[in-house]
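Single-letter residue listing:
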Amino acid sequence: MTRMKVEEKAKQKMEMSGALMLVEALKAEKVEVIFGYPGGAVLPLYDQLYRSGVFHVLTRHEQGAIHAAEGYARISGKPGVVIATSGPGATNIVTGLTDAMMDSLPLVVFTGQVATSVIGSDAFQEADVVGITMPITKHNYQVRDISELPKIIKEAFHIATTGRPGPVLIDIPKDITTAKGEFDYEQEVHLPGYQPTTQPNHLQIRRLVEAVSQSKRPVILAGAGVLHANASNELRQYAEQQNIPVVHTLLGLGGFPADHPLFLGMAGMHGTYTANMALYECDLLINIGARFDDRVTGNLKYFAPKATVAHIDIDPAEIGKNVPTKIPIVSDAKAALQELIHQQGKPADTSAWLRQLNEWKQRFPLYYEEDGQTIKPQKLVEMIYELTNGEAIITTDVGQHQMWAAQYYKFNKPHRWVTSGGLGTMGFGLPAAIGAQLAERNATVVSIVGDGGFQMTFQELSVIQELQLPIKVVIVNNQALGMVRQWQELFYEKRYSHSLIPNQPDFVKLAEAYNVPGFRAKTEAEAMEVLKKAFAIDGPVLLDFHVKADENVYPMVAPGKGLHEMVGVKACGELSQ
Amino acid sequence: MRRIITMTVNNRPGVLNRITGLFTKRHYNIESITVGHTEIEGISRMTFVVNVEDERIAEQIIKQLNKQIDVLKVNDITDQAIVARELALVKVSVTPALRQEIYALIEPFRASIVDVSKDSLVIQVTGESEKVEALIELLRPYGIKEVARTGTTAFTRGSQKTAATHKTAFII
Ligand SMILES: Cc1ncc(C[n+]2csc(CCOP(=O)(O)OP(=O)(O)O)c2C)c(N)n1
């Protein structure tokens, strides 16, 4: 052993406090950044961080910290790390944990807890965090003895990042962070109850190969599983080899190039006509890493009614959960696709099918009417697309602007799209942008948010300003909770119950209060101008776009309807209802 | 359909909570749970009886249980040759004059009297749930004061009549 190695070994066996163990473990895991907020129960930990050299981002709310960690995880593929204090600190991260759980994002979250001696006594700032977060984490722990701490941290990183990724929480009582113990981080993870299957079963792959060769109208539904597995190249290769068209879920965008002739667009509630009709008419549906969320399937009664369903997923529990599946393949998306490419069965004869799909694409593209005056939100997204050469990382909140961003920003590359899909969390966009920018310092990050959602987490402007992250915050200001307003217009006879906010704050002044330059635009021409100005500034900028207020997101599959029952589809320039 | 699901789990704080929470979250109704140590230290065994609509839900339950890190193994043993037992204690109002009648009644069930007072008896019965159920029904007319049931605990017999199709989470 070299001298350094011996020293390292000695260090690993050293007696140290729980707080120091945590810092050492973070270093051993090569954690680049942690997001957090201090408090009494984590003071020993913060004291250790003080001179540790670990890069810590103090967000202005714990929700900001965990969404930032999600953004970081989504872009870097590495686990996002969060620290929150006990009680209110911990309960403030509940939304983010649920969000990460729903969208399978790897997080390792540390929460402080009151001392073991007072757990259960309703002590100051005590909350049953393990109980609260049990259903919204992939796994969680409470450390009860200092000797368990290294093993638990090691397991947490392993569980968060392997199999189907997800958030893992470690609740650490204050006295454990000050107690001393031996730090041995070299141990292997041994979890007999957790052995994710990553390699596909050959027989099932064979069955899929045969099904493809016999099909006439196959389609691939690709979800975020493709992105988690870094399998975009394989997906393209496979689709091209077999000539199978591809549709994406909301979260899968970027997994397959949007400008590829085989791409049909996003499917689901606000999906393209062609994508949805492809799902309706296909005879073979190959789901790769999507979980058949109801926003994608519409009414299950009419979902892919003519199709044999194959489903590739790393989580066996997703297969057959919502849609009966003929060909189940439990596997990492990359491994399964590699095997499919390798077997190279006789490709389907999809020429007639592709002709039909192309005809639909031509006849029923995404559609909005320009008036050249007011800012059309769709046009706004297109302008951003143009000015960023389609290469920006886009983060969003939840609502109409999110759907327009998904529809009109053409994602040709993976890991450019950060949105809250499964939980639909307003306030996600801005903090997620912080994490995304820290994951990729040189990327152009644009956070497209609604005037409603922005007001849930705008305090994180402080972080952007402090770290001079060149994030462009784009507020799609329709002076309403737009998506709610849309539903009220369409399904509640225009009774706009608490969805209109005609006097929003002056967002430009708000930005200025945070020392962030802010610009406003009310016409299309102004919009282009301020966008150009913003992208020329090498720092954070906030842009307030007053868009046409009563614009709706179309096409739309109304709740309870089948995908083939879309409304708001353009047929030769007219809107069919 | 009634399913009997057994599993082995790490004997850790909160594991039962994790599992029952999972049932609550997904709206699965539990008829009974029994838990106890196994022959291996640190590992407990649970037996669940659940009533589900169809095969698909049973399969989904097993898959969800399998996802839990502290769950080591899950089996749906409903369709296998199994030994399933439940224990019940039944306190019945019985005057001394009726005791003989009760003795005769419980005899075929191999139940036993474990406590006697001047106006009541406590009867202990073990067996499959149906048998326990039948005895309780027979005792009901006498006036049942209290019933305590453990719920089913079960495992597969050493030798299976048919080649047992071992159901695990993977449907391949
Ligand atoms: C935390 C949270 N609360 C409520 C909702 C319900 N919701 C979904 S979309 C929406 C309106 C969003 O309005 P805004 O942020 O202005 O975006 P827009 O739809 O106008 O683009 C609401 C209230 C939600 N998704 N998240």
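Residues numbered from 1 in each chain as written. Chains lettered and ligands numbered in written order. Predicted model: local features only at pLDDT ≥ 70, side-chain atom pairs only at ≥ 80, totals over all residues. Heavy atoms only, no water.

## As for the overall build of chain A
Turning to step 1, where the next piece is worked out: For chain A, the count of helices and strands is 24 helices and 22 strands.
Turning to step 2, where the next piece is worked out: Reported as C-alpha extents along the three principal axes, the dimensions of chain A are approximately 75 × 60 × 45 Å.
Turning to step 3, where the next piece is worked out: Of all intrachain contacts in chain A linking residues separated by at least 6 positions in sequence, the fraction that spans at least 24 positions is 75%.
Turning to step 4, where the next piece is worked out: Surface exposure of chain A reaches about 22400 Å², of which carbon and sulfur atoms provide 50%.
Turning to step 5, where the next piece is worked out: The distance from the centre of the 52 positive side-chain charges to the centre of the 62 negative ones in chain A is 4 Å. (Helix = DSSP H or I, 4+ residues; strand = E, 2+ residues; numbered from the N terminus. Contact = heavy atoms within 4.5 Å. Areas by Shrake-Rupley, 256 points an atom, 1.4 Å probe, with all protein chains shown as cover. Lys, Arg positive; Asp, Glu negative; His and termini not counted. Charge placed at Lys NZ, Arg CZ, Asp CG, Glu CD.)

## Re the sheet that holds strand β16 (residues 417-418) of chain A
All names here are of chain A.
Turning to step 1, where the next piece is worked out: Pairing is parallel in the open sheet, where six strands are placed in the order β16-β15-β17-β18-β20-β19. Two strands bound the open sheet, and with one partner strand each, they are β16 and β19 (518-521).
Turning to step 2, where the next piece is worked out: In the sheet, β19 pairs with strand β20 (residues 541-546) via four bridges, with the strands oriented parallel. Opposite Arg-520, over in β20, you have Asp-544 as the bridge partner.
Turning to step 3, where the next piece is worked out: Contacts from helix α19 (residues 429-439) reach β15 (393-396), β16, β17 (445-450) and β18 (472-477) within the one sheet, and its direction differs from that of β17 by about 170°. (Pairing = 2+ DSSP bridges. Axes fitted to C-alpha atoms, helices over the stretch in contact; angles between N-to-C directions.)

## Let's talk about the UniProt feature "domain: Thiamine pyrophosphate enzyme central" (unreviewed entry) in chain A
Turning to step 1, where the next piece is worked out: Taken from the UniProt record, the annotation "domain: Thiamine pyrophosphate enzyme central" (unreviewed entry) applies to residues 205-340 of chain A.
Turning to step 2, where the next piece is worked out: What you have in residues 205-340 of chain A is 35% helix and 20% strand, and the ends, taken at the C-alpha atoms, are 7 Å apart. (UniProt positions renumbered as here; feature names shortened; annotations may be inferred.)

## Section: the pairing of β18(A)
All names here are of chain A.
Turning to step 1, where the next piece is worked out: With six of six residues buried, β18 is to be regarded as a mostly interior element.
Turning to step 2, where the next piece is worked out: Side-chain alternation along β18 places Lys-472, Val-474 and Val-476 on one buried face and Val-473, Ile-475 and Asn-477 on a second face that is also buried.
Turning to step 3, where the next piece is worked out: Two elements, β17 and β18, share five bridges in a ladder whose sense is parallel. Note on β18: the bridge partner recorded for Ile-448 is Val-474.
Turning to step 4, where the next piece is worked out: As defined by bridge partners, β18 adjoins β20 across six bridges and the pair is classed as parallel. Directly across from Val-476, in β20, lies its bridge partner Phe-545. (Buried < 20%, exposed > 50% of the residue type's maximum accessible area, 1.4 Å probe, protein only.)

## Describing the UniProt feature "domain: Thiamine pyrophosphate enzyme N-terminal TPP-binding" (unreviewed entry) in chain A
Turning to step 1, where the next piece is worked out: With numbering matched to this structure, UniProt assigns "domain: Thiamine pyrophosphate enzyme N-terminal TPP-binding" (unreviewed entry) to residues 16-130 of chain A.
Turning to step 2, where the next piece is worked out: Secondary structure content for residues 16-130 of chain A is 42% helix and 17% strand, while the C-alpha to C-alpha distance between its ends is 25 Å.

## Some remarks on the nonpolar core
A general feature of soluble globular proteins is that nonpolar side chains tend to end up buried together.
Residues and elements named next belong to chain A.
Turning to step 1, where the next piece is worked out: With 62 residues, the main nonpolar core has Leu-208, Ile-220, Tyr-238, Leu-279, Leu-285, Ile-286 and Ile-288 as its most contacted residues.
Turning to step 2, where the next piece is worked out: Leaving out residues up to four positions away in the same chain, Tyr-238 has contacts with Val-212, Ile-220, Ile-244, Ile-286, Leu-337, Leu-340 and Ile-341.
Turning to step 3, where the next piece is worked out: The next biggest cluster of nonpolar side chains, apart from the first, holds 48 residues, and it includes Val-129, Ile-136, Leu-169 and Ala-432. (Core = buried A, V, L, I, M, F, W, Y, C linked by side-chain atoms within 4.5 Å.)

## Focus: the packing of aromatic side chains
All names here are of chain A.
Turning to step 1, where the next piece is worked out: Taken as a whole, this structure holds 16 aromatic pairs over all chains when the rule is applied.
Turning to step 2, where the next piece is worked out: Taking the centre distance of 5.5 Å and the plane angle of 75° together, the rings of Phe-292 and Phe-303 count as edge-to-face. Here Phe-303 lies in the loop between α14 (294-297) and β13 (308-313) and Phe-292 lies in the loop between β12 (284-288) and α14, a separation of 11 residues in the sequence.
Turning to step 3, where the next piece is worked out: Under the relative-accessibility criterion, Phe-292 is labelled buried at 2%.
Turning to step 4, where the next piece is worked out: With 5.0 Å between their ring centres and 40° between their planes, Tyr-409 and Phe-411 make a pair best called tilted. (Phe/Tyr/Trp six-rings, centres within 6.5 Å; stacked < 30°, edge-to-face > 60°.)

## Some thoughts on the sheet that holds β12(A)
Residue and element names in this part refer to chain A.
Turning to step 1, where the next piece is worked out: The six strands lie next to each other as β11-β10-β9-β12-β13-β14, forming an open sheet whose pairing is parallel. The open sheet is flanked by β11 (263-266) and β14 (327-330), the only strands paired with a single partner. Strand-to-strand, the axes of this sheet are offset by a mean angle of 15°, without reference to chain direction.
Turning to step 2, where the next piece is worked out: Here five bridges tie strand β9 (residues 218-222) to β12, and the two strands are oriented parallel to one another.

## A few points about the UniProt feature "domain: ACT" (unreviewed entry) in chain B
Turning to step 1, where the next piece is worked out: With numbering aligned to this structure, UniProt lists the feature "domain: ACT" (unreviewed entry) at residues 4-79 of chain B.
Turning to step 2, where the next piece is worked out: The distance separating the terminal C-alpha atoms of residues 4-79 of chain B is 9 Å; by composition the span is 32% helix and 39% strand.

## Some details on the side chain of His401(A)
Residue and element names in this part refer to chain A.
Turning to step 1, where the next piece is worked out: Within the fold, His-401 resides in helix α18 (residues 400-408).
Turning to step 2, where the next piece is worked out: A distance of 3.5 Å separates the side chain of His-401 from the backbone nitrogen of Gly-450, its partner in a polar contact.
Turning to step 3, where the next piece is worked out: Apart from the residues within four sequence positions on either side, His-401 is in contact with Thr-396, Ile-448, Val-449, Gly-450 and Val-476. (Polar contact = N/O pair within 3.5 Å; in protein donor to acceptor, adjacent residues only side chain to side chain.)

## Comments concerning the side chain of Asn477(A)
All names here are of chain A.
Turning to step 1, where the next piece is worked out: The topology assignment puts Asn-477 in strand β18.
Turning to step 2, where the next piece is worked out: Take Asn-477: its relative accessible area is 2%, and that puts it in the buried class.
Turning to step 3, where the next piece is worked out: There is a polar contact of 3.0 Å between the side chain of Asn-477 and the backbone nitrogen of Gln-479.
Turning to step 4, where the next piece is worked out: For Asn-477, the contacting residues outside a window of four places in its chain are Asp-451, Gln-504, Phe-507, Asp-544, Phe-545, His-546 and Val-547.

## Description of unusual backbone geometry
Residue and element names in this part refer to chain A.
Turning to step 1, where the next piece is worked out: With an omega of 0°, the peptide bond between Tyr-554 and Pro-555 qualifies as cis.
Turning to step 2, where the next piece is worked out: Tracing the chain through its elements places Pro-555 in the loop between β20 and β21 (569-571).
Turning to step 3, where the next piece is worked out: The phi dihedral of Asn-389 is positive, around 50°, even though this residue is not glycine.
Turning to step 4, where the next piece is worked out: Note on placement: Asn-389 falls in the loop between α17 (377-387) and β15.
Turning to step 5, where the next piece is worked out: Of note in this structure, His-498 is not a glycine but carries a positive phi near 55°.
Turning to step 6, where the next piece is worked out: Inspection of the secondary structure assignment puts His-498 in the loop between α22 (482-491) and α23 (507-513).

## A few points about helix α13 (residues 273-281) of chain A
Note that an α-helix has 3.6 residues per turn; residues three or four places apart therefore point the same way.
Residues and elements named next belong to chain A.
Turning to step 1, where the next piece is worked out: With nine of its nine residues buried, α13 lies for the most part within the structure.
Turning to step 2, where the next piece is worked out: Among the residues of α13, those classed as buried are Tyr-273, Thr-274, Ala-275, Asn-276, Met-277, Ala-278, Leu-279, Tyr-280 and Glu-281.
Turning to step 3, where the next piece is worked out: Those residues of α13 hidden inside the fold are in contact with β9, β10 (246-248), β11, β12, α16 (351-363) and β21.

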